Amino acid sequence: MKEKKKLSLAAQIFIALVLAVIAGLLMQKNANFAETYIKPFGTIFLNLLKFIVVPIVLFSIMCGIISMKDIKKVGSIGAKTVVYYMCTTAFAITFGLIGANMFKGAFPKIATTDLSYKADQTISLMDTIVNIFPSNFVSPMVEANMLQVIVTALILGFGIILLGEGERNTRLVTACNDLNDVFMKCMEMILKLSPIGVFCLLSPVIASNGPAIIGSLAMVLLTAYVCYIIHAVVVYSFAVKTMGGMSPLKFFKGMLPAIMFAFSSSSSVGTLPINMECVENMGASKEVSSFVLPLGATINMDGTAIYQGVCAIFIASCYGIHLTLPQMLTMILTATLASIGTAGVPGAGMVMLAMVLASVGLPVDGIALVAGVDRIFDMGRTVVNITGDASCCIIVSNMERKKDAKREIANGL
Ligand code: ASP
């Protein structure tokens, strides 16, 4: 009997994406229906992803560290990762600022007299650093504070390595790996639902944000999307080709499922499991991906940085403020640091925009100008965020592979 060919997950997600756009456009007059009856299923799916992501990050980072068996190796991979993340984010915000300055003439001039935006308390840089370290063993898990979960995983992983080789260590390593496998299996089950999740998340957004609302901000959105694409194509292609030893075409093709998922969910953390699958299918080592990707989903936000640059210039132009070069340099620094504190969930980047605006004395109320279409900015910036994480993973994996090969040759001599 002929076996029925099953559509790949990527194909299923793509079909869901197209159907969501069509259904969203058809439901424009009934946006309430979409909000009330379709969105909740998307929320359920997102909740399931959030439920699984904490144990996945905790155990995959722990297993990654334990499998390296060497604290120094963890340090070397960690350092390469953080340097890459910081540099690409600085590039991203620079692209955002240059792009927005070029298109500035075409931006709409919107009156700013009645604007008000209530920013959450802005967090200082020192607070952000202090908040990385948990003061309690369970709260990072309960609050899904990813940076703190990562620190917990690092400490526990190092603890297991320091136990040294022996029976106890072997038992613990086996237990961690087994638990990791269990959570991965749970994740696979949840991911099977992603086409439904994508449809239910995206169609209400299209239904309530249809073409009309984009209207006056079309040029600002277009500028952000042009910068997103240029950054992804130029920076990631170059980096993946030169340092990752992979053709950019293969990279972007392999990333398609994660890209489509990020676009529909606007959540880097939610996309993490699919992103892990994509980079591993492209040949990245599990040891590296299990460490680099969760870290990236938490601290690396290139798309968010571009968005902040573009919006800052747009807001400044509406207020008739001209930003000087030193102010732009300050923004590059703050946006790079702000991306560390941005959570990988929908809308987080807009909250951090307040910090970037405040750093150069721009009125935070200006955020109200872009808040209405934030989701549309968010879909694109999340795609860039997760693609940046994956490019880093391919590069670090390739570097480690080369290093290991060299070491083997040296040992063999
Ligand atoms: N939604 C983005 C992400 O998850 C964060 C942001 O709002 O900029 O990567």
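Nothing here was measured: the structure is a model prediction, and the numbers come from that model.

Draft legend 1. Looking closely at the site of the ligand. Lining the immediate environment of the ligand, one finds 16 residues, of which Ser-268, Thr-304, Gly-349, Asp-378 and Arg-381 sit closest. Between the ligand and the protein, one listed contact pairs an oxygen atom with a backbone N or O atom of Gly-349 at 2.6 Å. One nitrogen or oxygen atom from the side chain of Asp-378 is found 2.7 Å from a nitrogen atom belonging to the ligand. Considering the ligand on its own, with 270 Å² of exposed area, one finds that the protein chains cover 100% of that surface. If you list the elements that add at least two residues to the shell around the ligand, you get α16 (348-359) and α18 (374-412). Here the residues of the shell around the ligand are counted per class, giving five nonpolar, nine polar and two charged.

Draft legend 2. Broad picture of the UniProt feature "transmembrane region" (unreviewed entry) in the protein chain. UniProt tags residues 44-66, 82-103, 146-164, 189-207, 213-239 and 351-373 as "transmembrane region" (unreviewed entry). The straight-line gap between the two end C-alpha atoms of residues 146-164 is 28 Å; of that span, 89% is helix and 0% is strand.

Draft legend 3. Just the packing of helix α6 (residues 146-162) against helix α13 (residues 286-299), in detail. Put simply, α6 and α13 touch, their axes get as near as 9 Å, and they point 150° apart. By the criterion of interaxial angle, the relationship of α6 to α13 is roughly antiparallel. Seen from above, α6 lies across α13 with left-handed handedness. On α13, the residues that touch Met-146, Leu-147, Ile-150 and Leu-154 of α6 are Phe-291, Pro-294, Leu-295, Thr-298 and Ile-299. For the contact of α6 with α13, the residue count by class is eight nonpolar, one polar and no charged.

Draft legend 4. Spotlight on the packing of aromatic side chains. Throughout the structure, instances matching the rule amount to eight aromatic pairs. Here the basic side chain of Arg-381 rests over the ring of Tyr-307, its NZ or CZ set 4.1 Å away from the ring centre.

Draft legend 5. Spatial organisation of a nonpolar patch on the surface. Judged by side-chain polarity, Leu-7, Phe-14, Ile-15, Val-18, Leu-19, Ile-22 and Leu-26 come together as a nonpolar surface patch covering roughly 660 Å² of accessible area. If you trace the backbone, Phe-14 turns up in helix α1 (residues 9-26).

Draft legend 6. Geometry of the pattern of salt bridges. Under the criterion given, the structure shown has seven salt bridges. For Lys-39, the salt bridge goes to Glu-35, with nearest N and O atoms at 3.7 Å. Of this pair, Lys-39 and Glu-35 both sit in helix α2 (residues 31-68), separated by four residues, roughly a single helical turn. Note on Glu-35: relative accessible area 33%, which makes it partly exposed. The residue Glu-287 makes a salt bridge to Lys-73 at a minimum N-O spacing of 3.2 Å. With Glu-287 in helix α13 and Lys-73 in helix α3 (residues 71-103), this pair connects stretches of sequence that are 214 residues apart. On the basis of relative accessibility, which here comes to 14%, the residue Lys-73 falls in the buried class. Here the salt bridges do not stand alone but share partners, grouping Lys-73, Glu-287, Asp-404 and Arg-407 into one network.

Draft legend 7. Structural detail: the packing of helix α11 (residues 248-265) against helix α12 (residues 268-281). It is at 8 Å that the axes of α11 and α12 come closest, and there the two elements cross at 175°. Here α11 lies roughly antiparallel to α12, going by the angle between them. Residues Gly-254, Met-255, Pro-257, Ala-258, Phe-261, Ala-262 and Ser-265 of α11 form the contact with α12, whose own contacting residues are Gly-270, Thr-271, Ile-274, Asn-275 and Cys-278. Grouping the constituent residues of the contact of α11 with α12 by class yields seven nonpolar, five polar and no charged.

Draft legend 8. Main features of the environment of Lys-50. Within the element layout of this structure, Lys-50 appears in helix α2. In this structure Lys-50 comes out as partly exposed when scored by relative accessible area, which is 43%. A C-alpha to C-alpha distance of 7.6 Å links Lys-50 and Val-269, two positions 219 residues apart in sequence.

So, how was this worked out
Residues numbered from 1 in each chain as written. Predicted model: local features only at pLDDT ≥ 70, side-chain atom pairs only at ≥ 80, totals over all residues. Heavy atoms only, no water. Near = heavy atom within 4 Å. Polar contact = N/O pair within 3.5 Å; in protein donor to acceptor, adjacent residues only side chain to side chain. Areas by Shrake-Rupley, 256 points an atom, 1.4 Å probe, with all protein chains shown as cover. Helix = DSSP H or I, 4+ residues; strand = E, 2+ residues; numbered from the N terminus. Nonpolar A, V, L, I, M, F, W, Y, C, P; charged D, E, K, R; others polar. UniProt positions renumbered as here; feature names shortened; annotations may be inferred. Axes fitted to C-alpha atoms, helices over the stretch in contact; angles between N-to-C directions. Parallel < 35°, antiparallel > 145°, perpendicular 65-115°, else oblique. Left-handed = near helix turned anticlockwise from the far one by under 90°. Contact = heavy atoms within 4.5 Å. Phe/Tyr/Trp six-rings, centres within 6.5 Å; stacked < 30°, edge-to-face > 60°. Lys NZ or Arg CZ within 6 Å of the ring centre and 35° of its normal. Patch = residues over 30% accessible without salt bridge, like charges linked within 9 Å, V, L, I, M, F, W, Y side chains within 5 Å. Salt bridge = Lys/Arg side-chain N within 4 Å of Asp/Glu carboxyl O. Buried < 20%, exposed > 50% of the residue type's maximum accessible area, 1.4 Å probe, protein only.

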